[in-house]
Amino acid sequence: MTVRIQTADFDVSAEIAGLRRGNPKIGAVASFVGVVRDVNDGGAVAEMTLEHYPGMTEKAIEEIVAQARARWKVLDARVIHRVGTLRPTDQIVLVAVASSHRGDAFAACEFIMDYLKTRAPFWKKEETGGAARWVEARESDELAAERWRLKG
Amino acid sequence: MITVLYFARLREALGQSSEQIALPGTVRDVEGLRAHLVARGGQWEQELAPRKPLRAAVNQAIAHGDTALNDGDEVAFFPPVTGG
């Protein structure tokens with residue numbers, strides 16, 4: 001398992017190649033890439049700044065991946081989350097999960113992303129045409145994470 | 001002494017990211033520490049009031065109001081997270 005918090009961009013193809021390297025048991029890789037949009041809650045977003053809690057953020061994501069591994073047959077996983085200043089079209093986050101079969105890879109990837117959104121300490125501040133605002137947590141994100149309690 | 005960290009909107013509103021606090025004998029858990037900070041008044045009272053939907057961590061693990069505090073702990077207060 002690899003968890004990285006970084007300001008630099010990442011190369012999805014290189015990361016997936018690194019995840020798969022030398023493991024012939026892997027039959028499926030599911031990945032999710034989160035990207036900065038130019039609009040949020042009806043306002044234009046010029047750029048955003050992501051803050052995190054060094055130390056705890058890594059631990060929280062490792063714990064989320066460990067929970068995924070306890071529920072699905074995951075061979076390996078890689079999570080990369082950027083911090084610092086990002087602009088529309090920039091990549092924010094990568095979650096890639098390798099399994100023998102697609103069902104486990106898809107489910108674990110979505111679970112990790114839903115839990116990351118609501119449990120990993122990151123905070124977004126958006127610059128919207130001269131004004132800055134902290135992004136409010138969404139109830140829909142909490143509901144997305146909660147539904148994993150109900151199904152396997 | 002304990003270390004208290006503040007993040008994001010809370011850090012900006014309080015004007016600081018961390019501080020060292022000598023834990024008063026009456027403060028035994030996270031809720032007690034929050035009340036101790038609220039008692040400072042002003043921004044502290046406003047930002048840490050019970051109605052505010054804050055999260056807390058002790059030694060980098062998610063904590064609750066009744067999570068016990070001990071000397072040397074690292075406590076963090078922050079708004080609900082918005083990453084991803």
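Anything mentioned here points back to the structure above.
Residues numbered from 1 in each chain as written. Chains lettered and ligands numbered in written order. Predicted model: local features only at pLDDT ≥ 70, side-chain atom pairs only at ≥ 80, totals over all residues. Heavy atoms only, no water.

A. Region of the structure containing the packing of aromatic side chains. What the rule picks out here adds up to nine aromatic pairs over all chains. Through pairs of rings, three or more aromatic residues link up here, namely A:Y53, A:W123, B:F7 and B:F78. One Lys or Arg, A:R119, reaches over the ring of A:Y115 and ends 4.2 Å from the middle of that ring. (Phe/Tyr/Trp six-rings, centres within 6.5 Å; stacked < 30°, edge-to-face > 60°. Lys NZ or Arg CZ within 6 Å of the ring centre and 35° of its normal.)

B. Local environment of the sheet that holds strand β4 (residues 61–63) of chain B. Residue and element names in this part refer to chain B. Pairing is mixed across the open sheet formed by five strands, whose spatial order is β2-β1-β5-β3-β4. With one partner strand each, in any of the chains shown, β2 (18–21) and β4 form the two edges of the open sheet. On average, each strand axis in the sheet is inclined to that of its neighbour by 30°, with strand direction left out of account. Helix-sheet contacts for helix α2 (residues 30–38) involve β1 (2–6), β2, β3 (55–58), β4 and β5 (74–78), and the interaxial angle to β5 is about 65°. (Pairing = 2+ DSSP bridges. Helix = DSSP H or I, 4+ residues; strand = E, 2+ residues; numbered from the N terminus. Axes fitted to C-alpha atoms, helices over the stretch in contact; angles between N-to-C directions. Contact = heavy atoms within 4.5 Å.)

C. A look at the side chain of A:D104. Residue and element names in this part refer to chain A. Following the sequence through the fold, D104 ends up in helix α3 (residues 102–119). As a buried residue without a salt bridge, D104 has its nearest oppositely charged side chain in K73, at a separation of 5.8 Å. Among the polar contacts listed, one links the side chain of D104 to the backbone nitrogen of K73, at a separation of 3.3 Å. If near-sequence neighbours (up to four positions away) are discounted, D104 is found in contact with W72, K73 and S99. (Buried < 20%, exposed > 50% of the residue type's maximum accessible area, 1.4 Å probe, protein only. Lys, Arg positive; Asp, Glu negative; His and termini not counted. Salt bridge = Lys/Arg side-chain N within 4 Å of Asp/Glu carboxyl O. Polar contact = N/O pair within 3.5 Å; in protein donor to acceptor, adjacent residues only side chain to side chain.)

D. Fine view of the packing of helix α2 (residues 56–71) of chain A against α3(A). All names here are of chain A. Between α2 and α3, whose axes approach to 9 Å, the crossing angle comes to 145°. In the crossing of α2 with α3, the sense of the turn from one axis to the other is right-handed. Facing A60, I61, I64, V65, Q67, A68 and R71 of α2, the residues of α3 in contact are A108, F111, I112, Y115, L116 and R119. Of the residues in the contact of α2 with α3, the class split is 10 nonpolar, one polar and two charged. (Left-handed = near helix turned anticlockwise from the far one by under 90°. Nonpolar A, V, L, I, M, F, W, Y, C, P; charged D, E, K, R; others polar.)

E. Spatial organisation of the interface of chain B and chain A. Contact residues are listed per partner, giving 20 residues for chain B and 26 residues for chain A. Taken together, chain B and chain A are joined by three salt bridges. Notably, a salt bridge pairs A:E51 with B:R11, separated by 2.5 Å at the nearest N-O pair. Taken together, chain B and chain A are joined by 14 residue pairs in polar contact (both at pLDDT 80 or more). Those elements giving two or more residues to the side of chain B that touches chain A turn out to be α1 (8–14), β4 and β5 of chain B.

F. Seen up close, the pattern of salt bridges. Residues and elements named next belong to chain A. Per the counting criterion, the structure on display carries 13 salt bridges over all chains. Linking R147 and E110 is a salt bridge whose minimum nitrogen-to-oxygen distance equals 3.1 Å. Of this pair, R147 sits in the segment after α4 (139–146) while E110 sits in helix α3, placing them 37 residues apart in sequence. With a closest N to O distance of 3.0 Å, E126 and R133 form a salt bridge. Relative accessible area serves as the criterion here: at 2%, E126 is assigned to the buried category. Ionic contacts of the salt-bridge type, sharing partners, join the residues R4, E15 and R78 into one network.

G. Local environment of helix α1 (residues 12–20) of chain A. Residues and elements named next belong to chain A. When we look at burial in α1, the residues that qualify are E15, I16 and L19. Across the axial projection of α1, the buried residues extend over an arc of 95°, all falling on one side. Looking at the packing, one finds that the buried side of α1 touches β1 (2–6), β2 (28–35), β6 (76–82) and β8 (91–99). Two to three positions downstream of the cap, the backbone nitrogen of S13 sits 3.0 Å from a side-chain oxygen, assigning the N-cap of α1 to D11. Positive backbone phi, at 70°, marks G22, one or two positions downstream of α1. (Arc of directions from axis to C-beta.)

Bear in mind that shape data such as this cannot, by itself, settle questions of function.
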